[in-house]
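# Secondary and tertiary structure notes
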Amino acid sequence: MKKKVFTTLILCLLVAGAAAANPERKSIQAGGHMREYLVYMPQNEYAGKPDGIIVALHGFNQTMHNFFEEYSMTSIADSLNCIILSPQALPEQDENVIGKSDVLNLFLDKKIKLDAAWGCGLRVRFFILDGLDLPLTAELNKSVDDVDFIRMAIAQTLNEHAMPVENIYLAGTSMGGYMAYQFAVRQPLKLSGIISIAGSMGLAISGADGRLKTPVCDFHSVTDDVVPYAGSYLASAGVTVSLAKNKEDVIRYWAETNETGTPVTENVDYYPSTNGITAEKITYPHPENEVVHYRINGASHGYFFRKGSGDCMDYVEETGKFIASHFVKHSGGNETVDATQIAVYPNPARDAVYFGCPDGDVSVYDLTGKLVLSASFHSGYLNISSLKQGMHILRIRSGDRTYTAKIIKQ
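Now for a quick tour of the structure.

Cut-off values and rules
Residues numbered from 1 in each chain as written. Predicted model: local features only at pLDDT ≥ 70, side-chain atom pairs only at ≥ 80, totals over all residues. Heavy atoms only, no water. Core = buried A, V, L, I, M, F, W, Y, C linked by side-chain atoms within 4.5 Å. Buried < 20%, exposed > 50% of the residue type's maximum accessible area, 1.4 Å probe, protein only. Helix = DSSP H or I, 4+ residues; strand = E, 2+ residues; numbered from the N terminus. Salt bridge = Lys/Arg side-chain N within 4 Å of Asp/Glu carboxyl O. Phe/Tyr/Trp six-rings, centres within 6.5 Å; stacked < 30°, edge-to-face > 60°.

## What to know about the nonpolar core
Ranked by internal contacts, the top residues of the largest apolar core, which has 56 residues, are Trp118, Ile150, Ile154, Leu170 and Trp254. Among the elements that take part in this core, helix H6 (residues 175-186) stands out by supplying eight residues, more than any other. In terms of nonpolar packing, the next biggest core, distinct from the first, is built from 37 residues, Ile296, Ala299, Val316 and Tyr345 among them.

Below, the structure is given as C-alpha cells:
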C-alpha cells in the first residue's frame, strides 16, 4: 500500500512538473516540414486569459530559446499579459547555397554556418564595381515559406486560448528583424506593430508592393558591423557585399506606407550614459501607425541596451512602451460605451507608467471608488510614486476619447 501511494505521488509530481513547463515546446506541420516553436504564458496573477501575442524571432544561427536566455522580454509579456510565441528557423535547405558557403569557408578564418536561417528575402550579394554578381551570391532559405509557418503558429495559439485576432506583435533581432518585416508585408492581417533590432528589409523581400499599414519600431546602429546601416560594405578591393536595403530607404518606405506626418527628432538621454554610445529617436507621427526609428551611433551589431550597463536607454523598456502604446482593445461591455481598455507598461509598477496617449488628463481611483490622483500627462507618461501599494483604476481622457486601465502599484 505504501509503495502504491509513493508511486502515485511520484507520478503526480512528474505530471505537475511537465504541466509547469514555461515556455512549452510545440510543433506543427508546415510546408512539408515539422516545425517547432515555444509558447510562454504570462505570469500575471491579476490578469485573466492572455490579451495578446508577441512573436519573438531569433537571429541567424540562433534558436527559439534566444529571447528567453539573452533578453528580458518575459517582463513585457508578464506586464502586458501577453503570450510570447518563439518559432525556430530551419537550417539552409538549398544544397546549392550550402555548396557556395563551403567554397567561401575555404577562404575564411571564421567559418559560415547555416544552422538556422529565416526565409525572409535575405539575399547576400557579392558584386564587383561594375555591378556584376559573383558566383557566391545567394538567397537564404528561398524555398521555405516561413511567413506561412509563423501565421499557422499564431492561428493555433489564438485558437487554443480563444483569443481575438488583435494585439499581435512581431519582434525580431538581426535576421529576426528581416523576418518581421517580411511577415508584415506578406500576411493579410493587421498587425499591432513590428519591432526590429539590428535587422532590415532583405534585397529579395517579397510582397513589399502591398502597402499594408503597420506601426514600426526600429533600432539600428550606423556603426553596425554585421548588418550595415547603408545596406552594403566594401569587403575587399573592388568587391562589395550587400545584405539589405539601405535603412533610410526602409524607414522612408514605412513612413510613406503609413502616411505619417513630419518627423520629429530627439536626443535619447533617458539614463546617464557612461559608454559614449549615443542615439536619436526619430518619430514619424500618426494616430495609429507611427514609425519610430532609433538611430544609434557607436554600438556593434549584437549590443543590447540596458539601463544598468551605462546606456542612454533600455531596449526592453522602449519595446514595452511601444507595444503598450498600440495595445488598445474594446472592453467587451464592462465599461461605458465610450470607454476602451488601454495597455499600461510596466504593470505592476513602482514610480511611473506609460500608455498609448500623447497628452491628456487622468483620474486614478482605488478599489473603493475614491479618487486618489488627478493629473495632466504628456508623452503618455504618468508619475505614480505618490500612490499607495495595490490595485488602482485609471480613467484617461485624451482628445475626444476615453480609456480605462488597471494598474498595480508596488
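## Describing the pattern of salt bridges
Summed over all chains, the structure comprises eleven salt bridges. Here Lys113 ties to Asp115 by a salt bridge, and the two come within 3.9 Å at their closest N and O atoms. Using a relative accessible area of 44% as the deciding quantity, one classes Asp115 as partly exposed. Across the pair Asp249 and Arg252 runs a salt bridge, and its minimum N-O distance is 2.6 Å. Of the two residues, Asp249 and Arg252 are both situated in helix H7 (residues 247-257); the distance of three residues between them amounts to about one turn of the helix. Owing to a relative accessible area of 41%, Asp249 belongs among the partly exposed residues under this scheme.

## Let's talk about the packing of aromatic side chains
Here the structure, examined in full by the defined rule, presents eleven aromatic pairs. The interplanar angle of 20° and the centroid separation of 4.3 Å between the aromatic rings of Tyr71 and Phe304 together place this pair among those described as stacked. Of this pair, Tyr71 sits in the loop between helix H2 (66-69) and helix H3 (73-80) while Phe304 is found in the loop between strand S14 (291-297) and helix H8 (315-325), placing the two residues 233 residues apart along the sequence. An identical accessibility class is assigned to Tyr71 and Phe304; each is buried. Among the residues examined, Phe304 registers a relative accessible area of 8% and is labelled buried. Put simply, the rings of Phe67, Tyr71, Phe219, Tyr294, Tyr303, Phe304, Phe305 and Tyr315 pair up and form one aromatic cluster.

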